[in-house]
Amino acid sequence: MFHPAVSGWFGRTFAAPTAAQRVAWPAIAAQRHVLIAAPTGSGKTLAAFLAVIDQLVRAGLEPQGLADQTYVVYVSPLKALSNDIHRNLEAPLAGIRAQLEALGLPPVEIRTFVRTGDTPQHERRASVKRPPHIIVTTPESLYILLGSESGRRMLASTRTVIVDEIHAVAPSKRGAHLALSLERLAALCPAPLQRIGLSATQKPIEDVARFLVGGAAPGALAAAPADCVIVDSGHVRSRDLALVLPDAPLEAIMSNEVWDNLYDQLAGLIRQHRTTLIFANTRRMVERVTRHLSERIGEEHIAAHHGSLAKEQRLHAEQRLKAGTLRALVATASLELGIDIGDVELVCQLGTTRSISTFVQRVGRANHAVSGVPKGRLFPLSRDDLVECAALLHAVRAGELDALNIPPQPLDVLSQQLVAEVSAREYGEDELYALVRRAWPYRSLQRHDFDELLRMLADGVSTRRGRQSAYLHRDAVNHRLRARRGARLTAITCGGAIPDNADYQVVLEPAGTFIGTLNEDFAVESLAGDVFQLGNCSYRILRVEAGRVRVEDARGQPPTMPFWLGEAPARSAELSVAVAALREQVDAWLPVIDAAAIAHCLQQVMQRYELEASAARQLVEYLAAAKAVLGQLPTQRRVIFERFFDEAGDMHLVIHAPFGARINRAFGLALRKRFCRAFNFELQAAATEDAIVLSLGETHSFELPQVSRYLASASVEPLLVQALLDAPLFTTRWRWNATISLAVKRARGGRKTPAPLQRMAAEDLIAVVFPDQLACAENLSGEREIPDHPLVRQTIFDSLHEAMDIDGLVALLRAMEQGEVQVITRDLPQPSPLAQEILSARPYAYLDDAPLEERRTQAVASRRWLDPESAAQFAALDPAAIELVRQEARPAPESADELHDALMLLGVMDPNAHAVAGATSSLSAAFAELVQAGRACEFAASERRFWVAVEQLPLLAVLYTPSVVSPPLPVPAE
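In this report, we go over the structure that sits alongside the text.

Reading guide: rules and limits
- Residues numbered from 1 in each chain as written.
- Predicted model: local features only at pLDDT ≥ 70, side-chain atom pairs only at ≥ 80, totals over all residues.
- Heavy atoms only, no water.
- Buried < 20%, exposed > 50% of the residue type's maximum accessible area, 1.4 Å probe, protein only.
- Helix = DSSP H or I, 4+ residues; strand = E, 2+ residues; numbered from the N terminus.
- Pairing = 2+ DSSP bridges.
- Axes fitted to C-alpha atoms, helices over the stretch in contact; angles between N-to-C directions.
- Parallel < 35°, antiparallel > 145°, perpendicular 65-115°, else oblique.
- Contact = heavy atoms within 4.5 Å.
- Nonpolar A, V, L, I, M, F, W, Y, C, P; charged D, E, K, R; others polar.
- Salt bridge = Lys/Arg side-chain N within 4 Å of Asp/Glu carboxyl O.
- 1 Å grid on protein atoms, 1.4 Å probe; cavity = no way out; pocket = protein on both sides within 12 Å on 5 of 7 lines; lining within 4 Å.
- Points joined across faces, edges and corners; volume = space filled by probe spheres on them.
- Expected span 1.5 Å × (residues − 1).
- Phe/Tyr/Trp six-rings, centres within 6.5 Å; stacked < 30°, edge-to-face > 60°.
- Lys NZ or Arg CZ within 6 Å of the ring centre and 35° of its normal.

**Overview of helix α24 (residues 716-724)**
The element α24 is extensively covered by neighbouring structure, given that seven of its nine residues are classed as buried. What α24 keeps buried is the set Val716, Leu719, Leu720, Val721, Gln722, Ala723 and Leu724.

**Details of the sheet that holds strand β1 (residues 33-37)**
One open sheet holds the seven strands; their spatial order is β3-β4-β2-β5-β6-β1-β7, and the pairing between them is parallel. Only two strands of the sheet have a single partner each, and these edge strands are β3 (112-115) and β7 (228-232). Across the sheet, the mean angle separating the axes of adjacent strands is 15° when strand polarity is ignored. Bridge analysis of strand β2 (residues 72-75) against strand β4 (residues 134-137) gives four bridges, and the strand direction is parallel. The partner of Val72 across the bridge, within β4, is Ile134.

**Focus: the packing of helix α17 (residues 447-459) against helix α27 (residues 790-803)**
One way to put it is that α17 packs onto α27 with a least axis distance of 10 Å and a crossing angle of 120°. What the angle tells us is that α17 and α27 run oblique. In this structure, α17 uses Asp449, Glu452, Leu453 and Met456 to contact α27, whose residues at the interface are Pro790, Leu791 and Arg793. Here the contact of α17 with α27 is built from residues that sort into four nonpolar, no polar and three charged.

**Things to note about the pattern of salt bridges**
All told, the structure shown has 52 salt bridges when counted by the stated rule. Note that Glu783 is salt-bridged to Arg677, the shortest N-O span being 3.2 Å. One end of the pair, Glu783, is in the loop between α26 (755-769) and α27; the other, Arg677, is in helix α23 (residues 661-679), and 106 residues separate them in sequence. For Glu783, a relative accessible area of 47% puts it in the partly exposed group.

**Topic: empty space enclosed by the protein**
According to the stated counting rule, one finds nine cavities of 30 Å³ or more in the structure shown. Here the largest cavity is characterised by a volume of approximately 80 Å³. Ala661, Ala687, Thr688, Glu689 and Tyr844 are, among the 12 residues lining the largest cavity, the residues nearest its centre. Across the lining of the largest cavity, the residue classes break down as seven nonpolar, one polar and four charged.

**Quick word on the pairing of strand β26 (residues 684-687)**
Across a regular strand the side chains alternate sides, sitting on one face of the sheet and then on the other. A two-sided burial pattern is seen for β26, the buried positions comprising Gln684 and Ala686 on one face and Ala685 and Ala687 on the other. Where β26 lies against strand β27 (residues 691-696), four bridges are found, and the strand directions are antiparallel. Note on β27: the bridge partner recorded for Ala687 is Ile692. Two successive antiparallel strands, β26 and β27, enclose a turn made up of three residues.

**Some remarks on helix α25 (residues 728-740)**
Between the first and last C-alpha of α25 there are 19 Å, a value that for 13 residues agrees with the 18 Å anticipated at 1.5 Å per step. Counting buried positions over the 13 residues of α25 gives 10, a clear majority of the element. Among the residues of α25, those classed as buried are Leu729, Phe730, Arg733, Trp734, Arg735, Trp736, Asn737, Ala738, Thr739 and Ile740. Immediately downstream of α25, the backbone of Leu742 shows phi near 75°, a positive value.

**Observations regarding the environment of Ile541**
Its location among the elements puts Ile541 in strand β22 (residues 538-545). Assessed through its relative accessible area of 3%, Ile541 is described here as buried. In this structure, the C-alpha to C-alpha distance between Ile541 and Val506, residues 35 residues apart in sequence, is 9.3 Å.

**Describing the side chain of Asp805**
When you line up the elements, Asp805 lands in the loop between α27 and α28 (806-817). Excluding anything up to four places from it in sequence, Asp805 contacts Arg662, Ile663, Ala666 and Leu800.

**Focus: the packing of aromatic side chains**
For the structure shown, the criterion picks out 14 aromatic pairs. Here Trp9 and Phe14 contribute two aromatic rings whose centre-to-centre distance is 5.9 Å and whose plane-to-plane angle is 80°, an arrangement assigned as edge-to-face. For Trp9, a relative accessible area of 7% puts it in the buried group. The rings of Phe2, Trp9, Phe10, Phe14 and Trp25 are connected pair by pair, giving a single aromatic cluster. Note that Arg288 overlies the ring of Trp259, its terminal NZ or CZ placed 4.4 Å from the centroid. One residue, Arg643, lies across the ring of Phe702, its end atom 5.0 Å from the ring centre.

Have a look at this one:
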């Protein structure tokens, strides 16, 4: 089906087409929309590009040849991936040119161009003068091209758009932003636009197809789009996966000695393989691991790669790894997508990825070829990490994937895109509404929401300095929209859906070279002379300026590790189910806690979860000790409330709920609000993937079983809304949404607005549209009144459905109310093994503003839980301890009168009661006789039942029955 030159090059280069290529090529040739889902390394990118290259070659051999216009737009979520695709296109294009020459045909020049935020200005001007045939870009750069006159002229001839790694953008606001850009591009092109989507991990694939094609036919959206061909080759392939544990047992937090052992293991694996790619979940850990590995394998053999490094340093590291001069590269998510970094033999993942799809993507970087077998090693970093990693590997082997949740109609993104599109040309309101509705995330956008957003963009915000953020002129008579002066410049310079981070630029002197960024807090707290590491190099700070840190080479001096603050990704719902299922299995395999049951459970875990003996033993002993203390293991069908006291006498309540951080964050925040209202006390709280902790003072008292009924499914959402208004996440998301919607400008006068000024502008804006949010608490009565403003509604929606999962919390509370989820309560003298992780949680888990040094959980004394049988004995009640407490609690009166007075003081006796024990009329005399006789008795006093222990007597049962004298009754059995 290809031109002989194209098929000749392919036949010389590859043995045969893959399954995805065989199905995709005819559909692309027929000008159908195509979504390709295939395992990593199966030739998806070539499947898309070779078909369109063939069309360009055929057009180039026509008498008129290829016109100087753009035919293909390729969009990838990463700049590095765009650069990589550009390089990889050179090989097929050069090979096809050689084949054309061998066939005696004239050469066909197919020009490619990378347009990202890193593209130099002179290359951008050259592309305008002579448009490339293939543009490789990112969603943000495509948006900028659609906003400029020269970019729109260049894109107007586009026939095909290719969206790579579509799974990486669809479940975020970047996806909604891209969907609107695709519809704007389709409206710009006179000919129908062919769309091709590529990804290895897509679920549900029908929703991804709708996202790619758009909702052009609203009314028939139940099935996959009829005009989109779904090429689903699956994502399951043969993989070499295993867990690697340090020699010492894992704890809630790894010690420095255990870390050293882990570094030694990594260094050993690096020496055994030609190239190794190591993934860490944070940039700080990337720098730390790189530093320690450089001491073991040599600084010249390892490099760091993360988003805070300058593009030149990242590209240099990629090229060194591809050329084979690097033995290992330590990276964050910046390298998990389909970037060609050469023949990587091994992928190591430090800690759980919190997502099944992410782990599949990262391991797929190893042996990235059609016939290659990805090889991955997973390093758990704690005992809870071990449980999650075992469940993760089991889910991957079972072929499971995480479901993508596409955010519905984010209004802040729509606000930005409306300003950008109207700035390009005048629009009718109905025409623009129809255009917006064709984007899949906005298929259900109501007209009143659309009109309200137009009103906000036309009216702006009234402040003391005049009207601000008014970008559109709205003709209410003719329903036409035109851009105001400066709207286009603001849309172009302040666009994008990626939230701003308050980072300082790092500039190397004396050359003035930009080498990366530092977190604002780290930069502000640093002083001149401090040495820190960035990209495996040490730098000494010369001075800290506004938004900039000037440094010099420290020449290998011992550095400190910088940190970058950010929200940790929450565990996916599918992985949470897998973790709970593993706990459920282990609970069933341990009916009792003894040596035989543990041995049986160990064999079952090794067989079912394919773990080595050492990993399985640590996992089983950890969960067995937890069950011995708690009685049962918490799962998604069983929630356990645990209470204990610390060394200072403060109370801590831990809720074991393995539902993931999004549900637990909502659960903890709502429960914290309920406790605050009940006790008038701003308690501390934190939430992780598996637990919630609430830290109270010693003055608080409540019945533990009642806590599960503090929240009701029918009323929890308004309570949670009031709670999140006081939480840091609302302020952060308000600032993000204000900048994305253009209500707060990211840049002014051609320069980026400093982070402090952005925060102040966002605060000034919310003071106008939502006065109660910043009002003095003394002037507020009752709950805050939330205004009906688009950005306020969007911020609350993002907080409830993105940072948290209110729907999951409501479903959990409803299941608890209906008895579908069992609730168990435990009062313990010390925290259980499962409580150790939440007690040592890091700041990203906090639900309040208290810093680490002021956390009440720091006062909790933790013990080591290594032996399940000793844990079982710890959970049992000690008869000697009970007897000791009884002895200490018994009154020891020296006379019957003292006992009489003591009992009256406690409310046990009625001072007017008489005629006890037959002929004796005095209670004191009756007690004296009874004490001398050494007999137990019952007597009447008030309207309650009490147990009273008297010195040197057996149990004295006291039964209240006012003014009634009864004969002695037997002591109750208990």
